[in-house]
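# Report on the structure
Here are the chains, one letter per residue:
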Amino acid sequence: MTIRKAPAVAPVLPLNQILAGDCVELMNGLPEASVDLIFADPPYNLQLKGDLHRPDNSKVDAVDDHWDQFSSFAVYDRFTRDWLAAARRILKPNGAIWVIGSYHNIFRVGAAMQDAGFWMLNDVVWRKTNPMPNFKGKRLTNAHETLIWASKEEGSKYTFHYEALKAMNDGVQMRSDWVLPICTGHERLKDENGDKAHPTQKPESLLHRIIVSTTNPGDVVLDPFFGTGTTGAVAKMLGRDFIGIEREEAYRKVAEERIARVRKFDASALEITGSKRAEPRVPFGQVVERGMLRPGEELYSIGSRFKAKVRADGTLIGNDVKGSIHQVGASLEGAPSCNGWTYWHFKRDGKMIPIDLLRQQIRAEMEADERQRH
C-alpha cells in the first residue's frame, strides 16, 4: 500500500493564476474556507462508441479526449466524490458552487453533491439556441445542459443578486431556464492548426450571468477544470479574482494568452442593482419624527385619485381608513397589498414628489454614518 503525503497548504491564495496539475491535489493544498465561489465543468464521461459522422459522411469533432475517458461508473463516481470533497473544504462558510453537466453525468454528480453535504439551491437548464443536430436521427437533439447551484451547507448565507438578474432580464424575474447560444464565431478559440482549442468551451454569457448574480467584486472564483479559461476571463472583466486549475498544458497556454488580453471594466461599470431587502429599514414614522413631513400634511396617490393625512404616530387617515402607508393605500385601491413608499406623494412648489425620496435621504445619511464609524 502506498501512502501519499498531503500537499503542503499554501500560505496565501495564488490569485489570478493558472495552476498546473491534478485538481484534487491542488485544491487540497489551498487554505481551508478561502474561496467564495466555485464553477466546475468536470469531464462528462460521454461514453461515446465509435466515430460520429454527419449525413455528408464528414466526421464530427466530438469530445473524445483522454481526460473524458473513465473505465467505469464506479471510477467516475470516485473521481467525483474526491474533487467535490476538496472543493467543499476550500469554500467559505457562505460560499457556493455551480456545476455544469450533460445527461451523461449530471445526475450522478448531483447525488454526490448531496451526499457530500452541499445544499441544493436551483438546477438551471441552459437551453442552447444553436445546438449540434442529432445526425443519426435515433434520439432527440440534445439541446440543453444542466447546471446545479448549491451552497456549502443548508444554513449558508450565500450571495444572490436577485434585483441585478431581474434588471438583466428587462425587469422580469429571472427563471431557471436560460436561453443562450453555444460558443461560436469570434468567441470560439482556435489552436495553431485552426482547430477548436477546446471541444466544450463555454460561452462568456453563461459565466457572466453566474458571476454577476452570485458573487461580489473582489470575491475569489475558483475553476478546478479551467480549460481555455472562460471563468478567468469573465472574472477578470468583472473585477473578481480567479484561481484556475488545469492539467493540460495546451489548454493552459490558450487560457493564459486569452486572459492577458482581457481588460477589467471600470469601477462604475461593475456596480449592479442591489437587493432592496439588503438596504436599511426606515419606518415611515422616522420621516414624521424628523419633520420631513408634518402631522396634518396631505399625501396624494398616483394620479391624485385619493388623498390621506399624516398623523403624529406615522400612520395615515384617508376616507375614514386608518393605518400604515401600505394599509391605507391598499384599502383605498381595493388591492391585497400596496407599496406605500412609491404610492404616496407630497406637494412641494407645485410638484408631486414620492415619499420614497425622503426614505432614500435617510438611508444615505445612515450609510454615511456607517462609513465614518469604520
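As recorded by an unreviewed UniProt entry, the protein chain carries the name Methyltransferase and is attributed to Gemmobacter aquatilis. Turning to the protein chain, the UniProt annotation filed under Sequence similarities (unreviewed entry) states: "Belongs to the N(4)/N(6)-methyltransferase family." For the record of the protein chain, the UniProt heading Catalytic activity (unreviewed entry) holds the text "a 2'-deoxyadenosine in DNA + S-adenosyl-L-methionine = an N(6)-methyl-2'-deoxyadenosine in DNA + S-adenosyl-L-homocysteine + H(+)".

## Comments concerning the environment of Ala-87
Position of Ala-87 relative to the elements: it lies in helix H2 (residues 73–90). For the pair formed by Ala-87 and Asp-223, sequence separation is 136 residues and the distance between their alpha carbons is 9.7 Å. Residues contacting Ala-87, with those up to four places away along its chain left out, are Met-27, Ile-38 and Ile-97.

## Focus: helix H5 (residues 204–214)
In terms of burial, H5 is largely enclosed, as 8 of its 11 residues are buried. Of the residues making up H5, those classed as buried are Leu-206, Leu-207, Arg-209, Ile-210, Ile-211, Val-212, Ser-213 and Thr-214.

## Points about the environment of Ile-325
With respect to the element layout, Ile-325 can be found in helix H10 (residues 325–333). Distance from Ile-325 to Thr-342, taken between C-alpha atoms, is 9.9 Å for residues 17 residues apart in sequence. Residues in contact with Ile-325, not counting those within four places in the same chain, are Phe-284, Leu-316, Gly-340, Trp-341, Trp-344 and Ile-355.

## Thoughts on the pairing of strand E10 (residues 307–310)
Examined bridge by bridge, strand E9 (residues 298–300) and E10 share 3 bridges and lie antiparallel to one another. For Tyr-300, the partnering residue across the bridge sits in E10 and is Lys-307. Note that E10 and strand E11 (residues 316–318) share 2 bridges and pair antiparallel. Within E11, the residue paired with Val-310 across the bridge is Leu-316.

## Focus: the packing of helix H6 (residues 230–237) against helix H7 (residues 249–260)
Two packed helices can be described by the angle between their axes and the distance between those axes. Axis separation between H6 and H7 bottoms out at 9 Å; the angle between their running directions is 15°. Classified by the interaxial angle, the pair formed by H6 and H7 is roughly parallel. Seen along the crossing, H6 lies across H7 with a hand that is right-handed. The segment H6 lies against H7, with Thr-230, Gly-232, Ala-233 and Lys-236 engaging Arg-258, Ile-259 and Ala-260. The residue inventory of the contact of H6 with H7, partitioned by class, reads 3 nonpolar, 2 polar and 2 charged.

## A closer look at the pattern of salt bridges
In the structure shown here, the tally under the stated rule is 13 salt bridges. For Glu-248, the salt bridge identified is with Arg-247, shortest N-O distance 3.6 Å. We note a salt bridge from Asp-356 to Arg-359, for which the minimum N-O separation is 2.7 Å. Of this pair, Asp-356 and Arg-359 both sit in helix H12 (residues 356–373), 3 residues apart, which is roughly one turn of the helix.

## Describing the sheet that holds strand E4 (residues 119–128)
The mixed open sheet is built from 8 strands, whose spatial order is E1-E8-E7-E2-E3-E5-E4-E6. Strand pairing shows two members of the sheet lacking a second neighbour, strand E1 (17–20) and strand E6 (177–180), which therefore form its edges. Neighbour to neighbour, the strand axes of the sheet diverge by 20° on average, direction disregarded. Where E1 lies against strand E8 (residues 241–246), 4 bridges are found, and the strand directions are parallel. Looking at E8, one finds that Ile-18 is bridged to Gly-244.

About the criteria used
- Residues numbered from 1 in each chain as written.
- Predicted model: local features only at pLDDT ≥ 70, side-chain atom pairs only at ≥ 80, totals over all residues.
- Heavy atoms only, no water.
- UniProt positions renumbered as here; feature names shortened; annotations may be inferred.
- Helix = DSSP H or I, 4+ residues; strand = E, 2+ residues; numbered from the N terminus.
- Contact = heavy atoms within 4.5 Å.
- Buried < 20%, exposed > 50% of the residue type's maximum accessible area, 1.4 Å probe, protein only.
- Pairing = 2+ DSSP bridges.
- Axes fitted to C-alpha atoms, helices over the stretch in contact; angles between N-to-C directions.
- Parallel < 35°, antiparallel > 145°, perpendicular 65-115°, else oblique.
- Left-handed = near helix turned anticlockwise from the far one by under 90°.
- Nonpolar A, V, L, I, M, F, W, Y, C, P; charged D, E, K, R; others polar.
- Salt bridge = Lys/Arg side-chain N within 4 Å of Asp/Glu carboxyl O.

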